[in-house]
Structures are given as C-alpha cells and as structure tokens.
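Summary of the model geometry
If you want the building blocks of each chain, they are given just below.
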Amino acid sequence: MVGLWRWVTVVTVACVCLWGAAEAVGGAKSRPRPQRRPQKKPKVNPVEEILPPGDINIQDMSGTWYLVSAASKCNFLVKNGLKVEATVMTLTPPTASGDPISVSTTTRLNHQCWEILQVYTVTPAPGRLVLNGSRPELNTDIVIGETDYSSYAVFYYQKQGQLTMKLYGRSKDTLSEAILDKFEDLAEKKGLGLAYVFAFPNYSHCTSVEKDNVINCVPIC
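Only a predicted model underlies this, so the values are computations on that prediction, with no experimental measurement involved.

1. Things to note about the overall build of the protein
Looking only at helices and strands, the protein has three helices and ten strands in total. Taken from N to C terminus, the helices and strands of the protein fall in the order α-β-α-β-β-β-β-β-β-β-α-β-β. A buried classification covers 35% of the 221 residues belonging to the protein. Taking the contacts inside the protein whose residues are at least 6 apart along the sequence as the reference set, 56% of them involve residues at least 24 apart. Counting every atom, the protein has about 14,800 Å² of accessible surface; 56% of that belongs to carbon and sulfur.

Spelled out as structure tokens, the structure:
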C-alpha cells in the first residue's frame, strides 16, 4: 500500500511539472516571463580613477620640465612617435588664489622652434587642473599623478575620453631606470603598453623662439 501511494505521488508531481511547461489539452500556452535587460555598467572616466597625492604643492611645481616620455594611443604619436622632437614645459604658478597656471611649451616643428602658451585652471581638488577648450566637451582634464618636485613628475591628460600620460624630468639628463620603469608600469595599467610609449630626445632643445612662432593653441596629444 505504501508503494502504491509513493507511485501516485510521483505521477502527480510529474504531471504538475509538465503542466506548467507544456500546453494543456484544450488550454492556452503559458505566457513566458519577460526577461530583464542587463544593466549597462556606468562609463568610467579614466582620469577620475587617478588619485593624485593630497598634498600636491602647485608652487613647488614651478619652473622648467623636460619631456622624457609620453604614453598614448593618440594618432599623431602613433604615426610620428619616431620623429618626436625635444620638448620643454615651463610652469609659472598663480600669484593669487583663483588665478590659473601659466604654461609655456617649446618644441621644434619643420626645423623651426615654436612656443605654445596656455593656462591651466586650478580646481579645488589638489593636483587636478583643466585646460579649457572652445567648448566644455573639448576641455582637457589634467592630473599631476605623482612627483618629487626635484627630479620627475607624471602628468595625465584626458580629452574626449582619450588618455595621454607624460613623464617629465627637471634636467636634460636621463632619469633613473627605476623612474622609467615606474612610468612604463603606470602606463601599462592604463592599457598603454610599450607599443604606445614614446621616448623624447634629451638634446637639441630650443633655446630661442622667433616672435612669429609664439602661439596659443591646444596640443593634439
């Protein structure tokens, strides 16, 4: 008798399971449950993930910086990475609170020396600056990633979602292997492997620029 009841129970459970999955005689098909669309992951702004030291001193960043290396997928660098010219950046810190940083960059193009003048707006967040474009969406967000003020500095530049990293040195002399390796490691973490790291020459820097070759513009990379 126990065996009979067990058989009836199994048959009943099987029928209930099949009823839910199949069409019943003379009935309608069960309505499928609507599938939820997977939520899109919020777009992460690469430069916002970079945490600059909280004690960055803009005044101590003033003076001359020699461009040592750049890491970027910028088309200009990818196509001309082997033809880059010696580049020097000079920072003049603000004289009053709320004033921007004056930036002068000298480099050589078509065998002529050029000077590019810009201003970086200082934001309330330490180590974060902005180079204003003609429209807000063309702004360049800048982060001073790390520096010791006396020998090297790592800058991050982001414009329209494209990230460029630059390693600067205080002198024309090559930086230590430890600093160069650190920069390459930082670049790789941002998806910029060695194929996208470009070394700049530490010779043939511009010593003077003709007046007609002083311009105001936003650099390509």
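Having put the structure on the table, let's press on.
2. Details of the pairing of strand β4 (residues 112-122)
Sheet topology places strand β3 (residues 101-109) next to β4; nine bridges connect them, and they run antiparallel. In the sheet register, Thr 106 faces β4, and the bridge partner there is Glu 115. Between β3 and β4, which follow one another and run antiparallel, lie two residues, and Asn 110 among them has a positive phi close to 55°. Here β4 runs beside strand β10 (residues 214-216); their pairing, made up of three bridges, is parallel. Its bridge partner lying in β10, Glu 115 is registered against Val 214. Bridge count for β4 against strand β5 (residues 128-131) is two bridges, and the pairing is antiparallel. Across the sheet, Thr 121 pairs through a bridge with Val 130, a residue of β5. Counting the residues in the hairpin turn of β4 and β5 gives five residues, including Gly 127, whose phi is positive at 80°.

3. Digging into a negative patch on the surface
Taken together, the side chains of Glu 177, Asp 181, Asp 185 and Glu 188 present a region of like negative charge at the surface. Mapped onto the elements of the fold, Asp 181 is located in helix α3 (residues 177-189). Here Asp 181 falls in the partly exposed class, since its relative accessible area comes to 38%.

4. Focus: unusual backbone geometry
Phi is positive for Tyr 149, close to 70°, though the residue is something other than glycine. Here Tyr 149 shows up in the loop between β6 (140-147) and β7 (152-159). A residue is classified by how much of its surface remains accessible, and Tyr 149, at 22% relative accessible area, is partly exposed.

5. Description of the state of the cysteines
Here the structure, examined in full by the defined rule, presents one disulfide. Note on cysteine connectivity: Cys 113 is disulfide-linked to Cys 206, with sulfurs 2.1 Å apart. Measuring handedness by torsion sign, the sulfur bridge of Cys 113 and Cys 206 sits at about -90° and is left-handed. Remark: Cys 206 occurs in the loop between β9 (197-199) and β10 and Cys 113 occurs in strand β4; sequence separation between them is 93 residues.

6. Considering the environment of His 205
Secondary-structure assignment places His 205 in the loop between β9 and β10. What makes His 205 buried here is its relative accessible area of 11%. Sequence-distant contacts of His 205, defined by excluding residues within four places in its chain, comprise Tyr 66, Ala 86, Thr 87, Val 88, Arg 108 and Lys 172.

7. Observations concerning the packing of aromatic side chains
Evaluated as defined, the whole model comprises two aromatic pairs. Between Phe 155 and Tyr 157 the ring centres are 6.1 Å apart and the planes differ by 20°, which places this aromatic pair in the stacked class. Since its relative accessible area comes to 9%, Tyr 157 is described here as buried. Through a chain of ring-to-ring contacts, three or more aromatic side chains come together here, namely Phe 155, Tyr 157 and Tyr 168. One residue, Lys 73, lies across the ring of Tyr 196, its end atom 5.2 Å from the ring centre. Against the face of Tyr 157 rests Lys 166, its NZ or CZ located 5.0 Å from the ring centre.

The rules we used
Residues numbered from 1 in each chain as written. Predicted model: local features only at pLDDT ≥ 70, side-chain atom pairs only at ≥ 80, totals over all residues. Heavy atoms only, no water. Helix = DSSP H or I, 4+ residues; strand = E, 2+ residues; numbered from the N terminus. Buried < 20%, exposed > 50% of the residue type's maximum accessible area, 1.4 Å probe, protein only. Contact = heavy atoms within 4.5 Å. Areas by Shrake-Rupley, 256 points an atom, 1.4 Å probe, with all protein chains shown as cover. Pairing = 2+ DSSP bridges. Patch = residues over 30% accessible without salt bridge, like charges linked within 9 Å, V, L, I, M, F, W, Y side chains within 5 Å. Salt bridge = Lys/Arg side-chain N within 4 Å of Asp/Glu carboxyl O. Lys, Arg positive; Asp, Glu negative; His and termini not counted. Charge placed at Lys NZ, Arg CZ, Asp CG, Glu CD. Disulfide = S-S within 2.5 Å. Phe/Tyr/Trp six-rings, centres within 6.5 Å; stacked < 30°, edge-to-face > 60°. Lys NZ or Arg CZ within 6 Å of the ring centre and 35° of its normal.

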